[in-house]
Amino acid sequence: DQQVKQNSPSLSVQEGRISILNCDYTNSMFDYFLWYKKYPAEGPTFLISISSIKDKNEDGRFTVFLNKSAKHLSLHIVPSQPGDSAVYFCAASGRRAGGTSYGKLTFGQGTILTVHP
Amino acid sequence: KAGVTQTPRYLIKTRGQQVTLSCSPISGHRSVSWYQQTPGQGLQFLFEYFSETQRNKGNFPGRFSGRQFSNSRSEMNVSTLELGDSALYLCASSGLAGAYNEQFFGPGTRLTVL
């Protein structure tokens, strides 16, 4: 039962262009979403998050959009840089689930982003 | 501020043995979560500790256990190792006590079971 899905295993973009990574979720109890970037042999690095009371959050080159009705979120990276090449994970958490949510993030399977110079 | 540290970084064990992994959270963080990452299952939540108490547990067998000390450092233990326990074990800390929060991850411990 995959509650958070990243349907694109990989994405390839040209340097300077926009990268759009997508994520879908099925659990309506999720109300907080995060994106992480991961390089090989390292732990995930937090990028940006969004609460369900918002539909957009921006931090520098990174913007996350949330469509609650579609249970869909996306991460936009503009402009893309070769150093952005990594695996990107979408994660979700839900406060309304109470104790079963404490400290628990549910992750998607990840999307490998490659930015070509 | 130093990040989350995990020791050891690499570990090789044989089936049937047990192993203990250690995690030191970011200074001031009281919540520590553990995850298992495998190619087939992705990142799976193991358990979370806050103020020395396990508050939440994922769907793993009882061979996986953990604890947290008064200084917030945490350990996880896997007994009677199986080949399928080979994975990257990640710990993450958070400064917030709430149910949803940004977690900051360590580099992980790569466990290989032969």
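In this text the structure is predicted, and so the values were computed from the model without any measurement. (Residues numbered from 1 in each chain as written. Chains lettered and ligands numbered in written order. Predicted model: local features only at pLDDT ≥ 70, side-chain atom pairs only at ≥ 80, totals over all residues. Heavy atoms only, no water.)

A. Focus on the sheet that holds strand S7 (residues 62–67) of chain A. Residue and element names in this part refer to chain A. Judged by pairing direction, the sheet is antiparallel, and its five strands sit side by side in the order S1-S3-S8-S7-S6 without closing on themselves. If you trace the sheet from one side to the other, it starts and ends with strand S1 (4–5) and strand S6 (56–59), each paired once. With six bridges connecting them, strand S3 (residues 19–25) and strand S8 (residues 72–77) associate as antiparallel partners. Residue Cys23 lies in a different strand from S8, and its bridge partner there is Leu73. (Pairing = 2+ DSSP bridges. Helix = DSSP H or I, 4+ residues; strand = E, 2+ residues; numbered from the N terminus.)

B. Looking closely at the packing of aromatic side chains. Enumeration according to the criterion identifies 13 aromatic pairs over all chains in this entry. Taken together through their ring pairs, the aromatic side chains of A:Tyr36, A:Phe46, A:Phe89, A:Phe107, B:Tyr35, B:Phe45, B:Phe104 and B:Phe105 make up a single cluster. (Phe/Tyr/Trp six-rings, centres within 6.5 Å; stacked < 30°, edge-to-face > 60°.)

C. Region of the structure containing the pattern of salt bridges. Per the counting criterion, the structure on display carries seven salt bridges over all chains. Note that A:Asp84 and A:Arg61 form a salt bridge whose closest N and O atoms lie 2.8 Å from each other. One end of the pair, A:Asp84, is in the loop between S8 and strand S9 (86–93); the other, A:Arg61, is in the loop between S6 and S7, with 23 residues separating them in the sequence. Judged by its relative accessible area of 2%, A:Asp84 is buried. Residue classification places A:Arg61 among the partly exposed positions, given a relative accessible area of 21%. A salt bridge links B:Glu75 to B:Arg73, with the nearest nitrogen and oxygen atoms 3.3 Å apart. A single network of salt bridges, built from pairs that share partners, joins B:Arg63, B:Glu82 and B:Asp85. (Salt bridge = Lys/Arg side-chain N within 4 Å of Asp/Glu carboxyl O. Buried < 20%, exposed > 50% of the residue type's maximum accessible area, 1.4 Å probe, protein only.)

D. Examining the interface of chain B and chain A more closely. Contacts between the two partners involve 25 residues from chain B and, on the opposite side, 23 residues from chain A. Across the interface of chain B and chain A, roughly 2000 Å² is buried in total on both sides, 59% from carbon and sulfur atoms. One can count zero salt bridges joining chain B with chain A. Here chain B and chain A share eight residue pairs in polar contact (both at pLDDT 80 or more) between them. (Contact = heavy atoms within 4.5 Å. Buried area = accessible area lost by both parts, 1.4 Å probe. Polar contact = N/O pair within 3.5 Å; in protein donor to acceptor, adjacent residues only side chain to side chain.)

E. The sheet that holds strand S7 (residues 64–68) of chain B, seen in detail. All names here are of chain B. Strand order in the open sheet formed by four strands is S1-S3-S8-S7, with antiparallel pairing between adjacent strands. Either end of the sheet is taken by a strand with one partner, and the two such strands are strand S1 (5–7) and S7. Strand-to-strand twist across the sheet, computed as the mean angle between neighbouring axes with direction ignored, equals 20°. As judged from the three bridges shared by S1 and strand S3 (residues 19–24), these two strands associate in the antiparallel manner. Bridging across to S3, Thr5 finds its partner in Ser24. (Axes fitted to C-alpha atoms, helices over the stretch in contact; angles between N-to-C directions.)

F. The state of the cysteines, seen in detail. Residue and element names in this part refer to chain A. Evaluated as defined, the whole model comprises two disulfides over all chains. Note on cysteine connectivity: Cys23 is disulfide-linked to Cys90, with sulfurs 2.0 Å apart. Residues Cys23 and Cys90 are joined by a disulfide whose S-S torsion is about -70°; by sign, that bridge is left-handed. Highlighted residues: Cys23 in strand S3 and Cys90 in strand S9, separated in sequence by 67 residues. Judged by relative accessible area, Cys23 falls into the buried class, the value being 1%. Note on Cys90: relative accessible area 0%, which makes it buried. (Disulfide = S-S within 2.5 Å.)

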